[in-house]
Amino acid sequence: MVAYTIESILKEGASLLKDAGISSPYLEAQILLENISGYRKIDMIVYKDRPVDGKTAEKFFQLIDERRKGKPIQYITGHQEFMGLDFCVHENVLIPRRDTEVLVEKVLQLLKDKEKPVIADICTGTGAIAVSLAYYISDSFVYATDISLYAVECCRENIDRYGLKDRIKLLRGDLLEPLFEEGLEGKLDALVSNPPYISNKDMESLPDNVRGFEPHLALYGGEDGMEYYRRILKDASRLLKKSGLLAFEIGWDQGAELTKLLEAEGVYRDIKVEKDLAGLDRIVYCFMEE
Ligand SMILES: C[S@@+](CC[C@H](N)C(=O)[O-])C[C@H]1O[C@@H](n2cnc3c(N)ncnc32)[C@H](O)[C@@H]1O
């Protein structure tokens, strides 16, 4: 085995990643080395001439190889930052996206004057939305639901990581069903969801690293991508208090259609569509009538 220093192994790893078309190869090589060696990025600069032992080098190139094959780096390191918090991420659970922070930020803003809000996050995945809301609204109580056992296990880890198990109730089940079983009719101040919303057509054009590695159950939203919104809307109003907030993440082209569905319910007011940082429609929210 070649003897590597920190600098030389990073250079070689980065070069392999670059050849595979990875856009920030040196940074990703650093992240992978950090993950297995305990060296922080600053140490990698200060101690660049230090030797890397054979075992670490072998493991490093294994990870480089996984990454070259398209595995998302978050599934390799098991981490993703979201709303300034560090979430653990498992394979078979959707990696939280920056876009979803737009939804969380809006909900935080809309609930800022509400005392002890009771919130539900449907389709919680890693718990990115539920954990962030509970973390930043210190007097809230949050229900988090998902049908996937992988998601529920991962979400539980994130709840424990931030010491929130007294303020987040995690429930496994189909969409709103667990909330009705908990007797929450008319009790929610806010119902929030980032459900699967990719249509048949858009599934085909997803990047390989998403389609090949992230769970179909977390992505596919039926023929037109709207299936989950329709199902949630069927019963959501029975769970919300008067003036309760309903807020969804959407695909860039789903704002008008979801607005129509909400209007057709006849019980929601002030329906709004808002954009993400890229200028694309990203969230829809509204309030129950008085
Ligand atoms: C787009 S992901 C969102 C994950 C997370 N909320 C986030 O924003 O990162 C959708 C989630 O819906 C869950 N899901 C799919 N079908 C469901 C159902 N029928 N009932 C509850 N959850 C479901 C998936 O397991 C997945 O975790």
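What comes next concerns the included structure. (Residues numbered from 1 in each chain as written. Predicted model: local features only at pLDDT ≥ 70, side-chain atom pairs only at ≥ 80, totals over all residues. Heavy atoms only, no water.)

By the definition in use, this model includes 28 salt bridges. Here Arg269 ties to Asp270 by a salt bridge, and the two come within 2.7 Å at their closest N and O atoms. Since its relative accessible area comes to 28%, Arg269 is described here as partly exposed. The network of salt bridges with shared partners includes Asp99, Glu249, Asp276 and Arg282. (Salt bridge = Lys/Arg side-chain N within 4 Å of Asp/Glu carboxyl O. Buried < 20%, exposed > 50% of the residue type's maximum accessible area, 1.4 Å probe, protein only.)

The next thing to look at is the packing of helix H1 (residues 6-19) against helix H2 (residues 25-37). Running from amino to carboxyl end, H1 crosses H2 at an angle of 125°, the nearest separation of the two axes being 8 Å. The orientation of H1 with respect to H2, classified from their angle, is oblique. Two packed elements cross with a definite hand, and for H1 against H2 that hand is right-handed. Contact with H1, carried on its side by Ile6, Ile9, Leu10, Lys11, Gly13, Ala14, Leu17 and Lys18, involves Pro25, Tyr26, Glu28, Ala29, Gln30 and Leu33 of H2 and no other residues of that element. Grouping the amino acids of the contact of H1 with H2 by side-chain chemistry returns 9 nonpolar, 2 polar and 3 charged. (Axes fitted to C-alpha atoms, helices over the stretch in contact; angles between N-to-C directions. Helix = DSSP H or I, 4+ residues; strand = E, 2+ residues; numbered from the N terminus. Parallel < 35°, antiparallel > 145°, perpendicular 65-115°, else oblique. Left-handed = near helix turned anticlockwise from the far one by under 90°. Contact = heavy atoms within 4.5 Å. Nonpolar A, V, L, I, M, F, W, Y, C, P; charged D, E, K, R; others polar.)

Moving on, we come to helix H8 (residues 149-161). Between its terminal C-alpha atoms H8 stretches 18 Å, which fits the 18 Å expected from 13 residues at 1.5 Å a residue. When H8 is considered as a whole, its buried residues turn out to be Ala151, Val152, Cys154, Cys155, Asn158 and Ile159. Looking straight down H8, one finds its buried side chains confined to an arc of 165°; they lie on one side. Packed against the buried residues of H8 are strand S4 (85-88), helix H7 (128-136), strand S6 (141-146) and strand S7 (168-172). In the stretch just after H8, Gly163 is the one whose phi turns positive, near 60°. (Expected span 1.5 Å × (residues − 1). Arc of directions from axis to C-beta.)

Right, let's talk about unusual backbone geometry for a bit. One non-glycine residue, Lys116, lies in the positive phi region at around 45°. Of note, Lys116 is situated in the loop between helix H6 (100-110) and strand S5 (118-122). Of note in this structure, Ser243 is not a glycine but carries a positive phi near 70°. Looking at the element boundaries, Ser243 is found in strand S9 (residues 240-249).

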